[in-house]
Amino acid sequence: MITIREGKKADLPYILQLIKELAEYENAIHKVAITLHELEVDGFGEKPYYYFLVAEQKNKIIGMTFYFIRYSTWKGKVLFLEDFIVSKEYRRMGVGKKLFDATIKICKKLNAKAMCWQVLNWNKSAISFYKKYNAEISNDWLDGRLNEKQINNLIISI
């Protein structure tokens with residue numbers, strides 16, 4: 001029996017484990033810098049910056065979707081799916097579908113104009129999963145990013 005529910009503060013140690021599991025799968029564990037304290041403050045402070053759903057089996061968290069609402073000047077409200085992971089031993093059991101469907105349900109409830117995410121071009125199983133939903137996977141856009149060090153080293157004159 002797999003249940004999907006909204007995440008709560010007490011789940012955050014398990015969420016951090018899942019974030020690290022995903023980063024390890026993506027060969028980027030060395031890039032995970034977030035702390036449990038930051039997750040607590042940013043998700044459960046006065047103004048939450050993110051939300052998450054968890055999949056549980058026998059009171060054990062086995063997967064999650066981690067999302068926030070962004071605003072598109074072209075479309076309006078958009079749910080951005082930052083992370084989506086099911087623990088390795090629970091994959092191919094329908095857990096991902098339940099989580100993804102529950103996240104789509106949130107989009108509908110919020111009257112979001114879209115749901116978007118990123119997927120690595122080598123992650124064929126994830127791409128195949130998304131295509132089952134008739135999702136568009138684009139090669140047109142490139143990611144741009146400034147990291148914290150770059151931001152802090154920039155001299156801005158306004």
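Counting of residues starts from 1 at the beginning of each chain's written sequence and follows it residue by residue. Only residues with pLDDT of at least 70 get local features here, since the model is predicted, and only at 80 or more are side-chain atom pairs given and counted; chain-wide, interface and lining totals rely on the full set of residues. The basis for every side-chain value is the complete set of heavy atoms in the structure, and neither hydrogens nor water enter the calculation.

J.: Break down the pairing of strand E3 (residues 60-72) for me, with residues and values.
T.: Criterion used throughout: strands pair if DSSP finds at least two bridges between them. In this description a helix means any DSSP run of H or I spanning at least four residues, a strand means any run of E spanning at least two, and both kinds are numbered starting from the N terminus. Relative to E3, strand E2 (residues 51-57) runs antiparallel, the two sharing seven bridges. In the strand pairing of E3, Tyr51 is matched with Tyr67. Connecting the antiparallel pair E2 and E3 is a turn made up of two residues, with Lys58 showing a positive phi of about 50°. Pairing geometry for E3 and strand E4 (residues 76-86), over ten bridges, is antiparallel.

J.: Just give me the short version of the pattern of salt bridges, but keep the residues and values in it.
T.: Basic side-chain nitrogens of Lys or Arg form a salt bridge, by our definition, when they fall within 4 Å of a carboxyl oxygen of Asp or Glu. For the structure on display, the rule yields five salt bridges. The closest approach of N and O atoms between Arg5 and Glu56, which form a salt bridge, is 3.1 Å. Here the residue Arg5 occupies a position in strand E1 (residues 2-6), and Glu56 occupies one in strand E2, the gap between them amounting to 51 residues. By relative accessible area, which is 13% here, Glu56 ends up buried. Across the pair Lys60 and Glu89 runs a salt bridge, and its minimum N-O distance is 3.9 Å. Exposed residues in this analysis have more than 50% of their type's maximum accessible area, buried residues have under 20%, and partly exposed residues fall in between, with area computed by a 1.4 Å probe over protein chains only.

J.: So what about the packing of aromatic side chains? Which residues, and what values?
T.: Aromatic rings from Phe, Tyr and Trp, with only the six-membered ring used for Trp, were paired whenever their centres fell within 6.5 Å, and each pair was classed as stacked if the ring planes differed by under 30 degrees, edge-to-face if by over 60, and tilted otherwise. Evaluation of the coordinates by the stated rule reveals 17 aromatic pairs. Where Phe100 meets Tyr130, the ring centres are 5.5 Å apart and the plane angle is 45°; that geometry is what we call tilted. Separated by 30 residues along the polypeptide, Phe100 in helix H3 (residues 95-110) and Tyr130 in helix H4 (residues 124-131) bring together distant segments of the chain. In this pair, the class of Phe100 matches that of Tyr130, namely buried. Residues Phe129 and Tyr133 carry aromatic rings whose centres are separated by 5.4 Å and whose planes lie at 50° to one another, so their mutual orientation is tilted. Residue Tyr133 is classed as partly exposed on the basis of its relative accessible area, which comes to 27%. Definition used: whenever NZ (Lys) or CZ (Arg) falls within 6 Å of the ring centre and also within 35 degrees of the ring normal, the charge is taken to sit over that ring. The residue whose ring lies beneath Arg91 is Tyr25, and the NZ or CZ to ring-centre distance is 5.3 Å.

J.: Kindly report on H4, identifying the contributing residues and their values.
T.: Those residues of H4 lying buried are Ala126, Ile127 and Tyr130. Viewed along the axis of H4, the buried residues span an arc of 100°, placing them on a single side of the element. In H4, the exposed residues that point more than 90 degrees away from the buried face are Lys124 and Lys131. In this description, contact between two residues means that some pair of their heavy atoms is separated by no more than 4.5 Å. Turning to H4, the residues buried within the fold contact E4, H3 and strand E5 (114-117). Directions from the helix axis toward the C-beta atoms define the arc.

J.: Give a detailed account of the side chain of Arg5, specifying residues and quantitative values.
T.: Under this definition, polar contacts are N or O atom pairs within 3.5 Å; protein pairs additionally need one hydrogen-donor-capable and one acceptor-capable atom, and for neighbouring residues in sequence, both atoms have to be side-chain atoms. Among the polar contacts listed, one links the side chain of Arg5 to the side chain of Asp11, at a separation of 2.8 Å. Residue contacts for Arg5: discarding those within four places in its chain leaves Asp11, Phe52, Leu53, Val54, Glu56 and Ile61.

J.: Explain unusual backbone geometry to me, using residue names and the numbers behind them.
T.: Non-glycine residue Asn27 carries a positive phi angle of around 55°. Positionally, Asn27 belongs in the loop between helix H1 (12-25) and helix H2 (36-44). We classify Asn27 as exposed; its relative accessible area is 63%. Positioned with a positive phi, Arg92 is a non-glycine residue whose angle comes to about 65°. Classification of Arg92 by relative accessible area gives exposed; the value is 80%.

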